[in-house]
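Commentary on secondary and tertiary structure
The residues making up each chain are set out below.
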Amino acid sequence: MRLVAFILICLGCYVMSAQTLTEYKERKDSLETFYYIIEGDTIPREFIDLEEVVLLNKLEFTSKEDRRRYLILRRKTRKVYPYAKMAAERLQVMNARLETIEKKGDRKKYTKRVQKYIEGEFSETLKKFTRTEGQILVKLIYRQTGQTAFELVKQLRSGWRAFWYNTTASMFDISLKEEYKPFDVKEDYLIEDILERSFQASLLERRAPAFDIDFLDLKSHWNDQ
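In this text the structure is predicted, and so the values were computed from the model without any measurement.

1. Topic: the packing of aromatic side chains
In the structure shown here, the tally under the stated rule is 5 aromatic pairs. Measuring from centroid to centroid gives 5.5 Å for Tyr83 and Phe129, while their planes differ by 80°, and the two rings are edge-to-face. Placement of Tyr83 in helix α2 (residues 64–98) and of Phe129 in the loop between α3 (104–127) and α4 (131–145) is noted, with a sequence separation of 46 residues between them. On the accessibility criterion, Phe129 (12% relative accessible area) is buried. Residue placement shows Arg97 over the ring face of Tyr110; its charged tip is 5.6 Å from the ring centre. We note Lys177 situated over the ring of Phe150; from NZ or CZ to the ring centre the distance is 4.6 Å.

2. Some thoughts on a positive patch on the surface
A cluster of basic residues, Lys104, Lys108, Lys112 and Lys116, forms a positive patch at the surface. By the secondary structure assignment, Lys116 is in helix α3.

3. Overview of the environment of Glu178
Within the fold, Glu178 resides in the loop between α6 (159–171) and α7 (186–200). On the accessibility criterion, Glu178 (28% relative accessible area) is partly exposed. Counting along the chain gives 38 residues from Glu178 to Leu140, while the straight-line C-alpha distance between them is 9.7 Å.

4. Brief notes about α4
With 15 residues, α4 should cover 21 Å at 1.5 Å per step; its first-to-last C-alpha distance of 21 Å lies within 8% of that length. Among the 15 residues in α4, 13 count as buried, and that is most of the element.

5. Some details on the confidence of the model for the protein chain
Scored by pLDDT, the protein chain has a mean of 75; 68% of the residues are at 70 or more. When the elements of the protein chain are averaged for pLDDT, strand β1 (residues 4–8) gives the smallest value, 24, and α7 the largest, 95. Across residues 1–22 the pLDDT falls below 50, and counting only partners more than four positions away or on other chains, this stretch makes 47 contacts in the model. Every residue in residues 28–51 is under pLDDT 50, and counting partners more than four places away or in other chains gives 59 contacts.

6. Description of the nonpolar core
One finds Leu140, Tyr180, Ile191 and Leu195 to be the most contacted residues of the largest nonpolar core, which totals 29 residues. Elements represented by at least two residues in this core include exactly α2, α3, α4, α7 and α8 (215–223). In terms of residues, this core owes the most to one element, α2, which gives 8 residues. For Leu140, the contacting residues outside a window of four places in its chain are Thr77, Val80, Tyr81, Ala84, Tyr180, Ile191 and Leu195.

7. Regarding the pattern of salt bridges
All chains considered together, the criterion is met by 14 salt bridges. With a shortest N-O distance of 2.8 Å, Arg68 and Glu65 are connected by a salt bridge. On the criterion of helical spacing, the pair formed by Arg68 and Glu65 is a turn pair, its members being 3 residues apart in helix α2. Residue class for Arg68 comes out partly exposed when judged on its relative accessible area of 44%.

Reading the values: rules and limits
Residue indices begin from 1 for each chain and proceed along its sequence in written order. Since the coordinates come from a predicted model, pLDDT governs what is reported: local features require at least 70, and pairs of side-chain atoms require 80 or more to be given and counted, while whole-chain, interface and lining totals use all residues. Excluding hydrogens and water, the side-chain figures rest on all heavy atoms present in the structure. Any pair of Phe, Tyr and Trp rings, taking the six-membered ring for Trp, is counted once the centres come within 6.5 Å. Such a pair is stacked with planes under 30 degrees apart, edge-to-face with planes over 60 apart, and tilted for the rest. Each helix corresponds to a stretch of at least 4 residues labelled H or I by DSSP, and each strand to a stretch of at least 2 residues labelled E; elements are numbered beginning at the N terminus. Burial classes: relative accessible area under 20% of the type maximum marks a residue as buried, over 50% as exposed, and values in between as partly exposed (1.4 Å probe, protein chains only). Only lysine NZ and arginine CZ atoms are considered, and such an atom sits over a ring when it is within 6 Å of the ring centre and within 35 degrees of the ring normal. Two distance rules govern patches: like charges are joined within 9 Å, and nonpolar side chains (Val, Leu, Ile, Met, Phe, Trp, Tyr) within 5 Å, applied only to residues with over 30% relative accessible area and no salt bridge. With residues, only the protein chains shown are counted as cover, and all accessible areas are computed by Shrake-Rupley using a 1.4 Å probe. Salt bridges are defined as contacts in which a side-chain nitrogen from Lys or Arg sits within 4 Å of a carboxyl oxygen from Asp or Glu. Positive charge is attributed to Lys and Arg, negative charge to Asp and Glu, and no charge count is given to His or to the chain ends. The location of each charge is read from NZ of Lys, CZ of Arg, CG of Asp or CD of Glu. One less than the number of residues in a helix, times 1.5 Å, gives the span that helix is expected to have. Scored from 0 to 100, pLDDT reflects the predictor's confidence in each residue. Contacts between residues were defined by any pair of non-hydrogen atoms, one from each residue, lying within 4.5 Å. What makes a nonpolar core is a set of buried Ala, Val, Leu, Ile, Met, Phe, Trp, Tyr and Cys residues whose side-chain atoms join them at distances within 4.5 Å.

Printed below as a string of structure tokens:
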């Protein structure tokens, strides 16, 4: 796993403030304990938190066409990700609010208000998305919520409305039932790679997916293909 490196997050603040750090080990009863000495304070190394980060190699492409396709996918992914992130945040707020509403009628009214608000907030922008951008958005909504866009529409509106939404989307070759499967679908893996690079470059704001995605395992999986 040559892509893995460990960064001393807690240690970073000491380095930035120009404090002196040394390390020594102490042996007692055949056991070795490592310590850091920071400005005269002795701290066991086990108390320094380590955060695992991924070192991303420079991308290599087999052809100019592959590079062009990746760059197009990167542009589209960066464009639509913020909307998937916002959708997940709205859903989280809505579900938290629903837990405090006891009456079914009040819950229905609140859900309808949220649905109208989301439509009013995003509808004009979403209409301008291309077919491929719309499909990437559907995948990223699944990444961020753990639910397909079809399931979310069904939850917010009705099964019948979700059916027609999906039928209409199908006319443009977009499936609202599409899931995000980076371990199975090469394009989804490339999207995850784009997201990780964008997070590290602070081009996109990181939000954890609704399900576990170990990027190191994912990278290794596709390198072995």
